[in-house]
Amino acid sequence: MWRLRRAAVACEVCQSLVKHSSGVKGSLPLQKLHLVSRSIYHSHHPTLKLQRPQLRTSFQQFSSLTNPPLRKLKFSPIKYGYQPRRNFWPARLATRLLKLRYLILGSAVGGGYTAKKTFDQWKDMIPDLSEYKWIVPDIVWEIDEYIDFGHKLVSEVIGASDLLLLLGSSGETAFRATDHGSESDKHFRKGLLGELILLQQQIQEHEEEARRTAGQYSTSYAQQKRKVSDKEKIDQLQEELLHTQLKYQRILERLEKENKELRKLVLQKDDKGIHHRKLKKSLIDMYSEVLDVLSDYDASYNTQDHLPRVVVVGDQSAGKTSVLEMIAQARIFPRGSGEMMTRSPVKVTLSEGPHHVALFKDSSREFDLTKEEDLAALRHEIELRMRKNVKEGCTVSPETISLNVKGPGLQRMVLVDLPGVINTVTSGMAPDTKETIFSISKAYMQNPNAIILCIQDGSVDAERSIVTDLVSQMDPHGRRTIFVLTKVDLAEKNVASPSRIQQIIEGKLFPMKALGYFAVVTGKGNSSESIEAIREYEEEFFQNSKLLKTSMLKAHQVTTRNLSLAVSDCFWKMVRESVEQQADSFKATRFNLETEWKNNYPRLRELDRNELFEKAKNEILDEVISLSQVTPKHWEEILQQSLWERVSTHVIENIYLPAAQTMNSGTFNTTVDIKLKQWTDKQLPNKAVEVAWETLQEEFSRFMTEPKGKEHDDIFDKLKEAVKEESIKRHKWNDFAEDSLRVIQHNALEDRSISDKQQWDAAIYFMEEALQARLKDTENAIENMVGPDWKKRWLYWKNRTQEQCVHNETKNELEKMLKCNEEHPAYLASDEITTVRKNLESRGVEVDPSLIKDTWHQVYRRHFLKTALNHCNLCRRGFYYYQRHFVDSELECNDVVLFWRIQRMLAITANTLRQQLTNTEVRRLEKNVKEVLEDFAEDGEKKIKLLTGKRVQLAEDLKKVREIQEKLDAFIEALHQEK
């Protein structure tokens, strides 16, 4: 009840305020009342029905921040009743608190905006490092796929400013998180956000106006002070940038080291067969094989070879070898102070592997580059190969030494270290050394896809450089040249003006152009320094160098590490751009060669030099095997015949003729035995071995050279002849053969027994044949001595010479003397010579005593042989007397027994030699042939010399082109898969 009573009193007070208010005409609207007044103006009023307002009204409701200040209302005195006074202090306190809330929010918004603007200014002052993205190795981006460094960094930067979260998308997300609330709640938050944005714009306008006003009243002193502060800021930023770059470089090194260890572990697991799979060849190894095959196919590097390679050129002692060793991370090359050490090109293929090793293309030995003894052995081997390649009378050689270097973290590329360019030929060098080095360098650099790594010594005057002019001729536009300035530490100390180094690195001092310029330090000049020590010295030098601090050099242009990354990227870029074009050119070459072969050799297989050698090798071995299949009878026949031809002259001239001059059979036999014993001890065994060796050679040659009909290929003739000569040259007869053969021959000659008539007739036949052959030879000699007889002179119109006429007269005179004494001894007495000469002089023929003796020798030989043949015919029936030892018989046939002994000795010797041939010597010869063939197979120059011709060269080119094309296709496929 008391509440109703109070409401009625309040209603009356309000009515009195409306009716009796001074200065106001008409009624006062309810909306004009104070908020508190409206709150107590209840619904009992008869003319207005208002609802209690919600706590969160729509956007159309009024706010204390947007409404003007309320004016004070003057109340009229109440005429009737008692009315108490009210101050409404809680309403005023709530109003002030609401104002304080908006001020705090506005200050937060303004501070956040200022912080964001300051952050943007700092971000604009940081230089753009996107150009140096290539410095970061590919492995960093591969790791970034799994470890999101960028997201963490951005989250940390954003997390450092909570105001940015309020202004950015996160703030909007916070507002959107309450979308599931009531509609009135949404309208209330939108209204608050609009007021905050409006307040932010007003603050921004006031700041701009204050900035313009401050700018108008600024003095020149302030401007100068600002310039000084800007310069200090620039210096400070440069210092910070340098430290940031060095810090980034250390991070890269740490990542590369970790990556190196991880790759090493992975490769070691694969190497141990943990995954039980066969490892594929690396991409760079496949490419290196292509280059090796191509170098064999085209050793002069013609236009056919346009595949990329990094060609390292420079003046002598400019530091080429040191740069390559830093890239390969090992001291692998021979070193000398001021002396030419690189005498032939060295192709170095760098690839990744679990262990740091090196090996040559034609050798299976691995050199452990972590051990000093292996490094020394590798340097010694390279020096030996260089000296072997250099021909006599030359100083350098164009022949390439191929070396593979594997290790964790190595950049994959192919480099060719060339001999240093010289200006003067010194003593001990060939006169054409300078021109030879220039021709070798040009041959490699004229390849349009070769990357030229130009090494320049920074410690000497630039005007003394020779290689820069050569490089500018080969690559005038600098599209494939990378310039490297070595010994920068010495250059910084010696050069008076450091800006000269800056001019070199910027490409303004030399007349050449390049893709990039680098400055490196390759040690202190001590050959015993390790790679790690050189690298630490290089990093320490550039970290403290004024060249880097004063921005004369940029961070990405220094250290061999950055050089290695840049060269590798350029190399693979060039490979990807040119390798497919090279593959297409070899496809066209292959088609042309196949067409030429089909037109010229349609029925022959395309056998290259190695395949032809294998075919010839099989034929030669078959022929050697056929040599062992010769029948024993054939061996003995040819051995006996050859041995008699060799010893027949000695038997007749030195044994039979002297013994026949004796007066009785006892003396004849004694003389024969003595002479046979001497002959057997000194000459006969050696002659027999010589005959056997010659017979083996003849039979081997006959099998090697006789045509095989239609299957015979004359392209093998030179090879077979060379194999035959070399095998015979290496073959040596057994030294003990003569001793055993001497005993056998001596026993055979001492046997005088003829067992049956058949053997006797065989001895007669052998004697007649031998004497007739000797008589025929003697008559031919006499005919040549005296000239043609009367029949030939009349029929064939031949005449005698003056000397032949003298011989003829002498012959006639000697024949007259023999007719007078048919048993004349074999030698003329001096008085007989005088008598013959006197008789000839009486007929007007002047003769010399020596001519008389020579003529007598032939005349008496013919007389003796005819007499011996007549005696041989008489002895055909003398076997009966021989069995009785010629007792009571005038017929003596001791000469027949002599020839029987000789014949028997020949048969036994032939049989012995045949056994030695078939059991020992043929096998030894076969072994020698195999050894010769193996040696020839390993000697490429020998095969090229022995297997020649258009057909061989065409097949060889066709095989090489096919091999190159196949390897190129496999490499291109692997290259696409790696992309």
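Computed from a prediction, not measured in an experiment: that's the story for all the values here. (Residues numbered from 1 in each chain as written. Predicted model: local features only at pLDDT ≥ 70, side-chain atom pairs only at ≥ 80, totals over all residues. Heavy atoms only, no water.)

Caption draft 1: Broad picture of the pattern of salt bridges. By the definition in use, this model includes 39 salt bridges. Linking Asp 681 and Lys 677 is a salt bridge whose minimum nitrogen-to-oxygen distance equals 2.6 Å. Here Asp 681 pairs with Lys 677, and both are found in helix 22 (residues 665-682), just 4 residues apart, close to one helical turn. What emerges from the salt-bridge pattern is a single network uniting Arg 590, Glu 594, Glu 606 and Arg 962. (Salt bridge = Lys/Arg side-chain N within 4 Å of Asp/Glu carboxyl O. Helix = DSSP H or I, 4+ residues; strand = E, 2+ residues; numbered from the N terminus.)

Caption draft 2: Main features of the state of the cysteines. Considering all chains together, one arrives at 1 disulfide under this definition. Here Cys 875 engages in a disulfide with Cys 893; their sulfurs sit 2.1 Å apart. Between Cys 875 and Cys 893, the S-S dihedral sits near -100°, and the bridge is therefore left-handed. Note that Cys 875 is positioned in the loop between helix 30 (849-874) and helix 31 (879-883) and Cys 893 in the loop between helix 31 and helix 32 (894-938), a separation of 18 residues in sequence. Here Cys 875 falls in the buried class, since its relative accessible area comes to 0%. (Disulfide = S-S within 2.5 Å. Buried < 20%, exposed > 50% of the residue type's maximum accessible area, 1.4 Å probe, protein only.)

Caption draft 3: Spotlight on the environment of Glu 596. Position of Glu 596 among the secondary structure elements: in helix 19 (residues 560-600). Put simply, Glu 596 and Leu 954 are 358 residues apart on the chain and 8.4 Å apart in space, counted from C-alpha to C-alpha. Glu 596 has contacts with Lys 950 and Leu 954, leaving out every residue within four places of it along the chain. (Contact = heavy atoms within 4.5 Å.)

Caption draft 4: The arrangement of the nonpolar core in detail. The biggest cluster of nonpolar side chains holds 101 residues, and the ones touching the most others in it are Trp 644, Tyr 656, Trp 679, Trp 760, Ile 902 and Val 929. A total of 17 residues in this core trace back to one element, the largest contributor, which is helix 32. By size, the runner-up hydrophobic cluster in this structure holds 68 residues, among which are Met 413, Ile 455, Trp 597 and Phe 971. (Core = buried A, V, L, I, M, F, W, Y, C linked by side-chain atoms within 4.5 Å.)

Caption draft 5: Structural context of the packing of helix 29 (residues 830-842) against helix 30. Put simply, helix 29 and helix 30 touch, their axes get as near as 10 Å, and they point 105° apart. Overall, the two elements helix 29 and helix 30 adopt an arrangement that is roughly perpendicular. Along its contact with helix 29, which presents Ile 833, Val 836 and Arg 837, the element helix 30 presents Pro 849, Ile 852 and Lys 853. Residue composition of the contact of helix 29 with helix 30, grouped by class: 4 nonpolar, no polar and 2 charged. (Axes fitted to C-alpha atoms, helices over the stretch in contact; angles between N-to-C directions. Parallel < 35°, antiparallel > 145°, perpendicular 65-115°, else oblique. Nonpolar A, V, L, I, M, F, W, Y, C, P; charged D, E, K, R; others polar.)

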